[in-house]
Amino acid sequence: MQKHLETRRILIVAGEASGDAHAAKLVDAMRVAAPHVDFEFFGATGAKMRAVGVETVVAADDFAIVGLPEIARALPMFWRAFKKLKKESARRSPDAAILVDFPDFNLKLAKSLSKQGVKVVYYISPQLWAWRKYRVETVRRYVDLLLTILPFEKSWYAKEGVENVEYVGNPTAHQVAAKLTKAEFCRKHGLDETKPIIALLPGSRHKEIARILPVLLETAALMNRQIRAGNGLNQTNQLQFVVALAATRKMAEVEAAIAELNAKNIRPPDSLIVAHDETHEVLGASDAAAVTSGTATLETGIIGTPLVVVYQGSALNYALLRPLINVEHFGLVNLIAEKRLAAELIQKDFTAQALAAELFRLLEPETNREMRRELAKVVEKLGDGGASQRAAEAILRLLNKR
């Protein structure tokens, strides 16, 4: 006779590719942690959540937008999604809602769901320590369980009067690794593993690639010119550059950046290649990297590749947002290290000349070894992995409270 399973309805909402991936791992972890429960997951899904059987109420694939003007234009889409999720929650009366990252949307949703009487879990807590600290009141009032993934966040929230906080570790710790060795990657792409390789990570959003990749390519061209002129590394006459193109982006975006440089009579080096959906492999094979600020800086640190953090948004966005940012560092790897471990070239400081100088510095053997040692210390701070499992267990404890 088949045993009757307890049913739990869970609304789960993620808005970007990284949140979708973390949410999918959490769904799997909850099923493993509670095999006696028949979970009915539904909500705002990306491809990875759909792949693990989460029912789509709203497709979140188009949510990844950066910049205030762009967000403003997309407000009708977000409003429709918000109303649909709120209505479906009222209809199904979920046992809990799990909101993953995506704070501008999810903090508003937390308030509405809490008022419906739904238990609200926030996984990958909003980075209120970085900017818009005033929103901590929303967390305090409407979130039943806050799950943090950075080691300093729990104490920060405690100082702000938020008590229902658990640090579960970082979901990328011990999960980020190259699938190919350096030799295998070089053979696959026709690279010489005896010569320096520099990774160029232009971000995962179209606007980021459009603004950042041309500068990265210009840097590659400049460094190659300096090598030929004898102003760079003496032990080699060629550097190799690899653009790590995110899985969600298309080669046409790289071609557009190259065309922009060609219009200025700047030609990227012949040694430059593009690797699509191989970011970890690119980083694992590289001697240094220029990385767009975001989750990728932490992934680079976990793999152990010396890096420079770069970013450039529109002048309007930067002027509007910079006064709201109240942290000393932009890069996650620096925030966790609690010091400026990796140089940060942001906005006007992000030039081909400045980036070339910093990358040449990172290629110096002793500098390279020292940063790798420091990055290993950052990884130690992240814990021993298992964040999804610990998050699942914390959520189940909340569900079992009467």
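Fair warning: this is a prediction, and the values are worked out from it, not measured in the lab. (Residues numbered from 1 in each chain as written. Predicted model: local features only at pLDDT ≥ 70, side-chain atom pairs only at ≥ 80, totals over all residues. Heavy atoms only, no water.)

Here we look at the environment of Gln-116
- With respect to the element layout, Gln-116 can be found in the loop between helix 5 (103-115) and strand 5 (120-123).
- Other than its neighbours up to four places away in sequence, Gln-116 contacts Lys-86, Ser-89 and Ala-90.
- Polar contacts involving the side chain of Gln-116 include one to the main-chain carbonyl oxygen of Lys-86, which spans 3.1 Å. (Helix = DSSP H or I, 4+ residues; strand = E, 2+ residues; numbered from the N terminus. Contact = heavy atoms within 4.5 Å. Polar contact = N/O pair within 3.5 Å; in protein donor to acceptor, adjacent residues only side chain to side chain.)

Some details on the pairing of strand 12 (residues 307-311)
- With 4 of its 5 residues buried, strand 12 lies for the most part within the structure.
- The pairing of strand 11 (residues 288-292) with strand 12 spans 4 bridges and is classified as parallel. Its bridge partner lying in strand 12, Ala-290 is registered against Val-308.
- Sheet analysis places strand 12 next to strand 13 (residues 344-346), joined by 3 bridges and oriented parallel. Within strand 13, the residue paired with Tyr-311 across the bridge is Ile-346. (Buried < 20%, exposed > 50% of the residue type's maximum accessible area, 1.4 Å probe, protein only. Pairing = 2+ DSSP bridges.)

Let's talk about the pattern of salt bridges
- For the structure shown, the criterion picks out 24 salt bridges.
- In this structure, the salt-bridge partner of Glu-88 is Arg-92, at a minimum N-O distance of 2.7 Å. Of the two residues, Glu-88 and Arg-92 are both situated in helix 4 (residues 75-92); the distance of 4 residues between them amounts to about one turn of the helix.
- In this structure Arg-92 comes out as buried when scored by relative accessible area, which is 14%.
- Notably, a salt bridge pairs Lys-182 with Asp-287, separated by 3.7 Å at the nearest N-O pair. Residue Lys-182 is located in helix 8 (residues 182-189), and its partner Asp-287 is located in the loop between helix 11 (279-285) and strand 11; the two are separated by 105 residues in the primary sequence.
- Exposure remark for Asp-287: the relative accessible area of 22% places this residue in the partly exposed category.
- The network of salt bridges with common partners includes Glu-55, Glu-88, Arg-91 and Arg-92. (Salt bridge = Lys/Arg side-chain N within 4 Å of Asp/Glu carboxyl O.)

Brief notes about a positive patch on the surface
- Taken together, Lys-86, Lys-111, Lys-115 and Arg-141 make up a surface patch of like positive charges.
- Tracing the chain through its elements places Lys-111 in helix 5. (Patch = residues over 30% accessible without salt bridge, like charges linked within 9 Å, V, L, I, M, F, W, Y side chains within 5 Å. Areas by Shrake-Rupley, 256 points an atom, 1.4 Å probe, with all protein chains shown as cover. Lys, Arg positive; Asp, Glu negative; His and termini not counted. Charge placed at Lys NZ, Arg CZ, Asp CG, Glu CD.)

Here we look at helix 1 (residues 17-33)
- With 17 residues, helix 1 should cover 24 Å at 1.5 Å per step; its first-to-last C-alpha distance of 24 Å lies within 8% of that length.
- When we look at burial in helix 1, the residues that qualify are Gly-19, Asp-20, Ala-21, His-22, Ala-23, Ala-24, Leu-26, Val-27, Ala-29 and Met-30.
- Lining the buried residues of helix 1 we find strand 1 (6-14), strand 2 (37-45), helix 2 (47-51), strand 4 (96-100), strand 5 and helix 17 (387-400). (Expected span 1.5 Å × (residues − 1).)

Concerning the side chain of Asp-20
- Note on placement: Asp-20 falls in helix 1.
- Lys-48 provides the closest opposite charge to the buried, unpaired Asp-20, separated from it by 6.4 Å.
- Polar side-chain contacts of Asp-20 include one of 3.3 Å to the backbone nitrogen of Ala-47.
- Not counting the four nearest positions on each side in its chain, Asp-20 is found in contact with Ala-14, Thr-45, Gly-46, Ala-47, Lys-48 and Met-49.

Section: the sheet that holds strand 3 (residues 55-59)
- Here 7 strands make up an open sheet; going across it, the order is 3-2-1-4-5-6-7 and the pairing parallel. The sheet is open, and its two borders are formed by strand 3 and strand 7 (165-167), each paired with just one other strand. Within the sheet, the average angular offset between the axes of one strand and its neighbour, ignoring direction, is 20°.
- On the sheet, helix 4 packs against strand 1, strand 2 and strand 3 and is oriented at approximately 150° with respect to strand 3.
- Along the sheet face, helix 17 touches strand 1, strand 2, strand 4, strand 5, strand 6 (145-148) and strand 7 and points at about 170° away from the line of strand 6. (Axes fitted to C-alpha atoms, helices over the stretch in contact; angles between N-to-C directions.)

Remarks on unusual backbone geometry
- Look at Phe-102: it is not a glycine, yet its phi comes out positive at around 50°.
- The residue Phe-102 is located in the loop between strand 4 and helix 5 in this model.
- Relative accessible area serves as the criterion here: at 12%, Phe-102 is assigned to the buried category.
- Residues other than glycine seldom take positive phi values, yet Gln-347 does so here, at roughly 55°.
- Mapped onto the elements, Gln-347 comes out in the loop between strand 13 and helix 15 (352-363).

What about the nonpolar core?
- Among the nonpolar cores identified, the biggest contains 137 residues, and Ile-98 and Tyr-123 are the most heavily contacted of them.
- Once you skip the residues sitting within four places of it in the chain, Ile-98 turns out to touch Ile-10, Leu-11, Ile-12, Val-13, Leu-26, Met-30, Val-121, Tyr-123 and Ile-395. (Core = buried A, V, L, I, M, F, W, Y, C linked by side-chain atoms within 4.5 Å.)

Thoughts on the packing of aromatic side chains
- Applying the stated criterion across every chain, the model contains 8 aromatic pairs.
- Between Phe-39 and Phe-41, the ring centres sit 5.3 Å apart and the planes meet at 25°, which makes this aromatic pair stacked.
- Taking the relative accessible area as the measure of exposure, Phe-39 reaches 8% and is therefore buried.
- Ring centres of Phe-78 and Phe-105 lie 6.3 Å apart, and the angle between their planes is 50°; this geometry places the pair in the tilted category. Of this pair, Phe-78 sits in helix 4 while Phe-105 sits in helix 5; the two residues are 27 residues apart in sequence, bridging distant segments of the chain.
- The class of Phe-78 is buried, set by a relative accessible area of 10%.
- Among the aromatic residues, ring-to-ring pairing joins Phe-78, Trp-79, Phe-82, Phe-102 and Phe-105 into one connected group.
- The aromatic ring of Phe-42 is capped on one face by Arg-92, whose charged end is 4.2 Å from the ring centroid. (Phe/Tyr/Trp six-rings, centres within 6.5 Å; stacked < 30°, edge-to-face > 60°. Lys NZ or Arg CZ within 6 Å of the ring centre and 35° of its normal.)

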